[in-house]
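Residue-level structural notes
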Amino acid sequence: MSRVLLFALTASINPTLVAATTVMLLLPSPKKLMFGYLLGAYMTSITIGCVIVLSLGESGAVSTTQNTVNPGVDLVIGGLFLVIGFVLGTGRDRRYRERRAQKRARKDPKKPPRWQEALGKGNPRVTFVVGALLTLPGASYLAALDSIHKLNYGTVEEVLLVVLVNLIMLMLIEVPLLSFTIAPTWTPAALERTKAWFGRHGHTAAFIAVTTIGALLVIQGVVTLIAS
């Protein structure tokens, strides 16, 4: 269960979702726009998640080999996360980020993405479609679904866990939506402060997140190997 929650939290780190929320907050009727986006995101993500988890449950081959494969998968994925954490922690990614910044500076300003232009129309139906199209499964979400399957719960419990993962994964729009409903004048400024904080401390936060997840996965893999 801890792995499900960890991957759900990792999946929630979504810069595109932050950008979309910011755009909608600056438009008229932001509550309706965000609600439309959230419904579209739920529709796509929960449907795909349930299909994947229930399909895995129908595979006998997966369930018969999971005890031998799981520790190795945990160790490999955990090792990759630790390598990424090492790169972030030692600053070895700085050169890459500096080269990207230089390339961007030399290029002409780009037009905003089409989805951003679509959100700018200020139509809840459009935001519903954009939310449905942008919320396709990423690596962390797929890892969370795989972890749900490995818990060997019943169908109802698996579906509820898929919904829980989506609630966590989409909290970057759920929280502003709830906040805007309660405090509409305070929310936009708070979101800008949050973006500024991530701009200053995002590198450190990413290092802590990937290192923690990697260490937990490696420990779980080792414990499973010893127990088996």
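Since the structure is predicted, the reported quantities are computational estimates derived from the model, not experimental observations. (Residues numbered from 1 in each chain as written. Predicted model: local features only at pLDDT ≥ 70, side-chain atom pairs only at ≥ 80, totals over all residues. Heavy atoms only, no water.)

Observations regarding helix H1 (residues 2-12)
- Buried residues dominate H1, accounting for eight of its 11 residues.
- All of the buried residues along H1 are Arg-3, Val-4, Leu-6, Phe-7, Ala-8, Thr-10, Ala-11 and Ser-12. (Buried < 20%, exposed > 50% of the residue type's maximum accessible area, 1.4 Å probe, protein only. Helix = DSSP H or I, 4+ residues; strand = E, 2+ residues; numbered from the N terminus.)

Topic: the side chain of Glu-174
- Tracing the backbone through its elements, the reader meets Glu-174 in helix H10 (residues 171-182).
- The charged side chain of Glu-174 is buried without a salt bridge, its nearest counter-charge being Lys-31 at 17 Å.
- Polar contacts involving the side chain of Glu-174 include one to the side chain of Tyr-42, which spans 2.4 Å.
- Each residue touching Glu-174, except ones within four places of it in the same chain, is listed here: Leu-38, Tyr-42, Asn-166 and Leu-167. (Lys, Arg positive; Asp, Glu negative; His and termini not counted. Salt bridge = Lys/Arg side-chain N within 4 Å of Asp/Glu carboxyl O. Polar contact = N/O pair within 3.5 Å; in protein donor to acceptor, adjacent residues only side chain to side chain. Contact = heavy atoms within 4.5 Å.)

As for unusual backbone geometry
- In the Ramachandran plot, Ser-29 falls in the positive-phi region, its phi being about 55 degrees despite a non-glycine side chain.
- Structurally, the position occupied by Ser-29 is in the loop between helix H2 (15-25) and helix H3 (30-57).
- Ser-29 sits in the partly exposed class, given a relative accessible area of 44%.
- Positioned with a positive phi, Asn-152 is a non-glycine residue whose angle comes to about 60 degrees.
- Note that Asn-152 resides in the loop between helix H8 (139-150) and helix H9 (155-169).
- Judged by its relative accessible area of 52%, Asn-152 falls in the exposed class.

What about the nonpolar core?
- Grouped together as the largest cluster of nonpolar side chains are 22 residues, with contacts concentrated most on Phe-7, Phe-81, Tyr-141, Leu-145, Ile-148, Val-162 and Val-165.
- Secondary structure elements with two or more residues in this core: H1, H3, helix H4 (60-89), H8, H9 and helix H11 (187-227).
- The next biggest cluster of nonpolar side chains, apart from the first, holds 21 residues, and it includes Ala-20, Met-24, Ala-118 and Leu-177. (Core = buried A, V, L, I, M, F, W, Y, C linked by side-chain atoms within 4.5 Å.)

Digging into a nonpolar patch on the surface
- Together, Met-1, Leu-5, Leu-164 and Leu-167 make up an exposed nonpolar region whose accessible area comes to about 300 Å².
- Relative to the helices and strands, Leu-5 is located in helix H1. (Patch = residues over 30% accessible without salt bridge, like charges linked within 9 Å, V, L, I, M, F, W, Y side chains within 5 Å. Areas by Shrake-Rupley, 256 points an atom, 1.4 Å probe, with all protein chains shown as cover.)

Side note on the confidence of the model for the chain
- Summarising the model, the chain shows a mean pLDDT of 80, and 85% of its residues fall at 70 or more.
- This model gives residues 60-69 a pLDDT under 50, and the stretch forms five contacts once residues within four places in sequence are excluded. (pLDDT = per-residue confidence, 0-100.)

Some words on the packing of H2 against H10
- Here H2 crosses H10 at 25 degrees, and the two axes come no closer than 9 Å. Judged on the interaxial angle alone, H10 and H2 are roughly parallel. Of the two elements, H2 crosses H10, and the hand of that crossing is right-handed. Note on element contacts: H10 touches H2 through Leu-172, Ile-173, Pro-176 and Phe-180, opposite Leu-17, Val-18, Thr-21, Met-24 and Leu-25.
- Partitioned by chemical class, the residues of the contact of H2 with H10 number eight nonpolar, one polar and no charged. (Axes fitted to C-alpha atoms, helices over the stretch in contact; angles between N-to-C directions. Parallel < 35°, antiparallel > 145°, perpendicular 65-115°, else oblique. Left-handed = near helix turned anticlockwise from the far one by under 90°. Nonpolar A, V, L, I, M, F, W, Y, C, P; charged D, E, K, R; others polar.)

Quick word on the packing of H8 against H9
- Between H8 and H9, the shortest axis-to-axis distance is 10 Å and the interhelical angle comes to 155 degrees. As judged from the angle between their axes, H8 and H9 are roughly antiparallel. Taken as a pair, H8 and H9 cross one another with a handedness that is right-handed. Residues Tyr-141, Ala-144, Leu-145, Ile-148 and His-149 of H8 touch H9, and the partners they reach there are Glu-158, Leu-161, Val-162, Val-165, Asn-166 and Met-169.

Description of the environment of Thr-22
- With respect to the helices and strands, the residue Thr-22 is situated in helix H2.
- The sequence separation of Thr-22 and Ile-173 amounts to 151 residues, and the corresponding C-alpha distance is 9.3 Å.
- Residue contacts for Thr-22: discarding those within four places in its chain leaves Leu-191, Glu-192 and Lys-195.

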